[in-house]
Amino acid sequence: MITHIVLFKLKDESAENIEKARNILMDMDGKISELKGIEVGVDVTHSDRSYNLALMTKFDSLESLEAYQINPLHVGVSKHMVSVSASIVAVDFESS
């Protein structure tokens, strides 16, 4: 299994904007066959080092992750998140 985690620091950090971005990310749930699990968390500590949102997704294999990356729905969501984010970081790792 592959876990894909992406952290987003939004340009507009208002609660309304964070919730809108969370909903856009969650809209992928059940719509991309390679996506075996999705969770989107909103930061609760609001520290200087915090990012606003964490996206955690699960895939059966690296090939499934690669197929997700080019899925048209994901591409659209990704473009939107790039446009509203000041910073994005990611990590992909093997998991159980």
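Residues numbered from 1 in each chain as written. Predicted model: local features only at pLDDT ≥ 70, side-chain atom pairs only at ≥ 80, totals over all residues. Heavy atoms only, no water.

(A) Molecular detail of the pairing of strand 3 (residues 53-59). Burial along strand 3 is one-sided: the residues L53, L55, T57 and F59 are buried and none of A54, M56 and K58 is. Examined bridge by bridge, strand 1 (residues 2-10) and strand 3 share 7 bridges and lie antiparallel to one another. Paired with I5 across the strands is M56, a residue of strand 3. (Buried < 20%, exposed > 50% of the residue type's maximum accessible area, 1.4 Å probe, protein only. Helix = DSSP H or I, 4+ residues; strand = E, 2+ residues; numbered from the N terminus. Pairing = 2+ DSSP bridges.)

(B) Up close: the environment of T57. Positionally, T57 belongs in strand 3. When the C-alpha positions of T57 and D29 are compared, they lie 9.7 Å apart, and in sequence the two are 28 residues distant. Sequence-distant contacts of T57, that is, excluding residues within four places in its chain, are made with I2, T3, H4, L35, G37, I38 and Y68. (Contact = heavy atoms within 4.5 Å.)

(C) Layout of the nonpolar core. Core analysis: the largest hydrophobic core is formed by 20 residues, its most contacted members being L25, L53 and M81. Going through the elements one at a time, strand 1, helix 1 (15-26), strand 2 (37-42), strand 3, helix 2 (62-70) and helix 3 (72-84) are the ones with two or more residues in this core. In terms of residues, this core owes the most to one element, strand 1, which gives 4 residues. (Core = buried A, V, L, I, M, F, W, Y, C linked by side-chain atoms within 4.5 Å.)

(D) Focus on the layout of surface pockets. Space inside the largest pocket adds up to approximately 160 Å³. Taken together, 13 residues form the lining of the largest pocket, with H4, V6, F8, H74 and S78 sitting closest to its centre. Those elements that place two or more of their residues in the lining of the largest pocket are strand 1, helix 2 and helix 3. Top contributing element to the lining of the largest pocket by residue count: helix 3, with 5 residues. The class makeup of the residues in the lining of the largest pocket is 9 nonpolar, 4 polar and no charged. (1 Å grid on protein atoms, 1.4 Å probe; cavity = no way out; pocket = protein on both sides within 12 Å on 5 of 7 lines; lining within 4 Å. Points joined across faces, edges and corners; volume = space filled by probe spheres on them. Nonpolar A, V, L, I, M, F, W, Y, C, P; charged D, E, K, R; others polar.)

Nothing here speaks to function; it is all geometry.
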